[in-house]
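Each chain is listed here by its residues.
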Amino acid sequence: MTVLHAIYLVVGALVCVFLELLAISSLREDQLRAATISSTLFIFFALIWFGGYFVLSPPDTILTLFSVLAVVFFVLYFAPLGSNREIRIGSITERFDERDVIFSREEYLPETAEYIRYYAMKPEYKEIDDRMRKLPELLEPGGRFYDAEVSGRIDAVFRQIEKLTTAVDGETSGQCREIDAVAMTHTIKQMVRDLGADEVGIAVLNPMFVYSHVGRGPEKWSAPIINNHRFAVAFTVEMRYAAVSAAPLLPITEETADRYLRAARISIELADHIRALGYPARAHISGSNYQIILPPVAHDAGLGELGRHGYLISPKFGPRIRLGAVTTDLPLVADKPVSFGVQNFCARCLKCAVNCPAGAIPAAGKTEVRGVEKWPLNPEQCFHYWRVIGTDCGLCMKVCPYSHPPTFVHNAVRAAIRRSSFARRFSIWADDLLYGKKPPLPRP
Ligand code: SF4
Ligand code: SF4
């Protein structure tokens, strides 16, 4: 056998192995369409490549052509071709007001002092918010996917989180000891992982990512927020793929609640530990107790990039994560933001925008929002849809190509799109082929 024949056979075997692994991992992920297509491709490819070789004994020129085409494809797919765009953060001159967050606004009930004061200040939101308030509340009867038992269970988890909101801060031990920042960073990161987080990073806290005024939660509404901590310890908690795949049905909301509770417990325990070391620390948890805007802080901590749908996309889990954070003055060593091709990929992909039933995700290019270049999500349209269906939707998270679980096959694709612009174009096309450009909604 000549070298040419060996190359031809090895290339064919590699493609077959990849297609077969794809079929197996798709079956495990319950992605029947992807499993069927990859199995069919496997059979056709094997018949043509190996059947042609052993039955027709083609001339060397044909073998050379096929081998060269396959190798060129492989090189284009995995070679570092093209640069990665980074998120451009200009000069941010104004902090975001938590009172403007849609989750705060839904709580301003007519006739209350908050309602009167807020809409006197922001009359432009009154009509749209009044319309939203007429819809059933999340997890309440009247939502399209309401289920008394499951919705009640999820509500109970959110109530647990709510109870934790008073435990986010406290006094320090008063025994502030000398700290080696490098060693402490290692210890804190390990502790956060041991407590149940999946990824952890440290950011220098950008004061512009601290909300300006309290919008909800146990603290006094409208009070100015003062948080001068130097660092934020940010972390991710993975959401299970099966639960996210059920979006927009209740299992994704159940998963969201469960992961928020886990993130809350991790942050509270970490903050408590840091205060015992003598340094101030505050946990930022769901249930209306954030003082900071988590996605950009987590970006600064090197945990991922912001995607078109507004979620942070982690290199390992994509947007299938919930975030938590503790801000502190404990001496630490900060990480750096990472760039792994998300901005380039999102510029072409558009899958979340195409699948968003509320039309809340822009299909157009980025715009500058308060100094940060991003795809501006329409929170009113998104949240309005949540209240119609009674869950937190999550369709954009589900269809995002970065959401696939970190198996060998998906990791190989991630490694390629991290560096090759050809791989990005091809993978967007392949994702649509395997999983559908607009997958049908699951039935309740
Ligand atoms: S959660 Fe649903 S409604 Fe909101 S942006 Fe995503 S897909 Fe659209
Ligand atoms: S679905 Fe596509 S465009 Fe939307 S965030 Fe994910 S990769 Fe970006």
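Residues numbered from 1 in each chain as written. Chains lettered and ligands numbered in written order. Predicted model: local features only at pLDDT ≥ 70, side-chain atom pairs only at ≥ 80, totals over all residues. Heavy atoms only, no water.

## A closer look at the site of ligand 1
Close to ligand 1 lie Cys 356, Pro 357, Ala 358, Ile 361, Leu 377, Cys 382, Tyr 385, Trp 386, Cys 393, Gly 394, Leu 395 and Cys 396, which account for all nearby residues. For the shell around ligand 1, the element with the highest residue contribution is helix H14 (residues 379-389), accounting for three residues. Residue classes in the shell around ligand 1 are distributed as 11 nonpolar, one polar and no charged. (Near = heavy atom within 4 Å. Helix = DSSP H or I, 4+ residues; strand = E, 2+ residues; numbered from the N terminus. Nonpolar A, V, L, I, M, F, W, Y, C, P; charged D, E, K, R; others polar.)

## A look at the site of ligand 2
Every residue lining ligand 2 is accounted for by Arg 308, His 309, Phe 345, Cys 346, Cys 349, Leu 350, Lys 351, Cys 352, Cys 400, Pro 401 and Tyr 402. More than half of the atoms of ligand 2 fall within 2 Å of the grid points belonging to the largest cavity. Contributions of two or more residues to the shell around ligand 2 are made by helix H12 (342-349) and helix H13 (351-355). Looking at which element gives the most residues to the shell around ligand 2, the answer is H12, with three residues. (1 Å grid on protein atoms, 1.4 Å probe; cavity = no way out; pocket = protein on both sides within 12 Å on 5 of 7 lines; lining within 4 Å. Sits in = over half its atoms within 2 Å of the grid points.)

## A short note on the packing of aromatic side chains
Tallied over the entire structure, the rule returns 25 aromatic pairs. Judged by centre distance (5.1 Å) and plane angle (20 degrees), the rings of Phe 45 and Trp 49 are stacked. Here the residue Phe 45 and the residue Trp 49 both occupy positions in helix H2 (residues 32-56), the gap between them amounting to four residues, near one helical turn. One exposure class covers both Phe 45 and Trp 49, and it is buried. Summarising the aromatic geometry, the rings of Phe 73 and Phe 426 are spaced 5.0 Å apart at their centres and angled 75 degrees between planes, so their arrangement reads as edge-to-face. Of this pair, Phe 73 sits in helix H3 (residues 60-78) while Phe 426 sits in helix H17 (residues 421-435), placing them 353 residues apart in sequence. Here Phe 73 falls in the partly exposed class, since its relative accessible area comes to 33%. (Phe/Tyr/Trp six-rings, centres within 6.5 Å; stacked < 30°, edge-to-face > 60°. Buried < 20%, exposed > 50% of the residue type's maximum accessible area, 1.4 Å probe, protein only.)

## Overview of H14
What H14 keeps buried is the set Glu 380, Phe 383, Tyr 385, Trp 386, Arg 387 and Ile 389. Taken together, the buried residues of H14 touch helix H4 (102-105) and helix H6 (126-133). Where H14 begins, one side-chain oxygen reaches toward the backbone nitrogen of Glu 380, 3.1 Å away; that side chain belongs to Asn 378. (Contact = heavy atoms within 4.5 Å. Polar contact = N/O pair within 3.5 Å; in protein donor to acceptor, adjacent residues only side chain to side chain.)

## A few points about unusual backbone geometry
With an omega of 10 degrees, the peptide bond running from Ala 247 to Pro 248 counts as cis. Turning to its location among the elements, Pro 248 is positioned in the loop between helix H9 (241-245) and helix H10 (250-276). Not every positive phi belongs to a glycine, and Asp 30 is a case in point at roughly 65 degrees. Among the residues examined, Asp 30 registers a relative accessible area of 61% and is labelled exposed. For Leu 139, which is not glycine, the phi dihedral falls at a positive 65 degrees. Structurally, the position occupied by Leu 139 is in the loop between H6 and helix H7 (148-164). Here Leu 139 falls in the buried class, since its relative accessible area comes to 8%.

## A short note on empty space enclosed by the protein
Throughout the structure, instances matching the rule amount to four cavities of 30 Å³ or more. When its volume is computed, the largest cavity comes out at roughly 80 Å³. Considering the residues around the largest cavity, the lining is formed by 13 residues, among which Cys 346, Cys 349, Cys 352, Cys 400 and Pro 401 are closest to the centre. Counting residues per element, the lining of the largest cavity draws most heavily on H12, at three residues. Class assignment for the residues of the lining of the largest cavity results in 10 nonpolar, one polar and two charged. (Points joined across faces, edges and corners; volume = space filled by probe spheres on them.)

## Overview of the domain arrangement of the protein
What the domain assignment lists for the protein is domain 1 (1-78) and domain 2 (137-377 + 389-397). Just the C-alpha atoms count here: the centres of domain 1 and domain 2 sit 42 Å apart. (Domains from an automatic or database assignment.)

## Looking at the layout of surface pockets
When its volume is computed, the second largest pocket comes out at roughly 1300 Å³. Taken together, 39 residues make up the lining of the second largest pocket; nearest its centre are Val 15, Phe 18, Leu 19, Phe 73 and Phe 426. The set of elements that each furnish at least two residues to the lining of the second largest pocket consists of helix H1 (3-28), H2, H3, helix H16 (408-419) and H17. Across the lining of the second largest pocket, the residue classes break down as 34 nonpolar, three polar and two charged.

## A closer look at a negative patch on the surface
Taken together, Glu 107, Glu 137, Glu 140 and Glu 162 make up a surface patch of like negative charges. You can see Glu 137 is positioned in the loop between H6 and H7. Of the residues examined, Glu 137 reaches a relative accessible area of 47% and is grouped as partly exposed. (Patch = residues over 30% accessible without salt bridge, like charges linked within 9 Å, V, L, I, M, F, W, Y side chains within 5 Å. Areas by Shrake-Rupley, 256 points an atom, 1.4 Å probe, with all protein chains shown as cover. Salt bridge = Lys/Arg side-chain N within 4 Å of Asp/Glu carboxyl O. Lys, Arg positive; Asp, Glu negative; His and termini not counted. Charge placed at Lys NZ, Arg CZ, Asp CG, Glu CD.)

## Let's talk about the sheet that holds strand S3 (residues 281-284)
Strands sit in the order S1-S2-S6-S3 across an open sheet of four strands; the sheet is antiparallel. Each having just a single partner strand, strand S1 (199-204) and S3 make up the two edges of the open sheet. Strand-to-strand, the axes of this sheet are offset by a mean angle of 20 degrees, without reference to chain direction. When S1 meets strand S2 (residues 231-238), the two strands line up antiparallel, connected through six bridges. Looking across to S2, one finds that Val 200 is bridged to Phe 235. Docked against the sheet, helix H8 (residues 181-194) engages S1 and S2, running at close to 140 degrees with respect to S1. (Pairing = 2+ DSSP bridges. Axes fitted to C-alpha atoms, helices over the stretch in contact; angles between N-to-C directions.)

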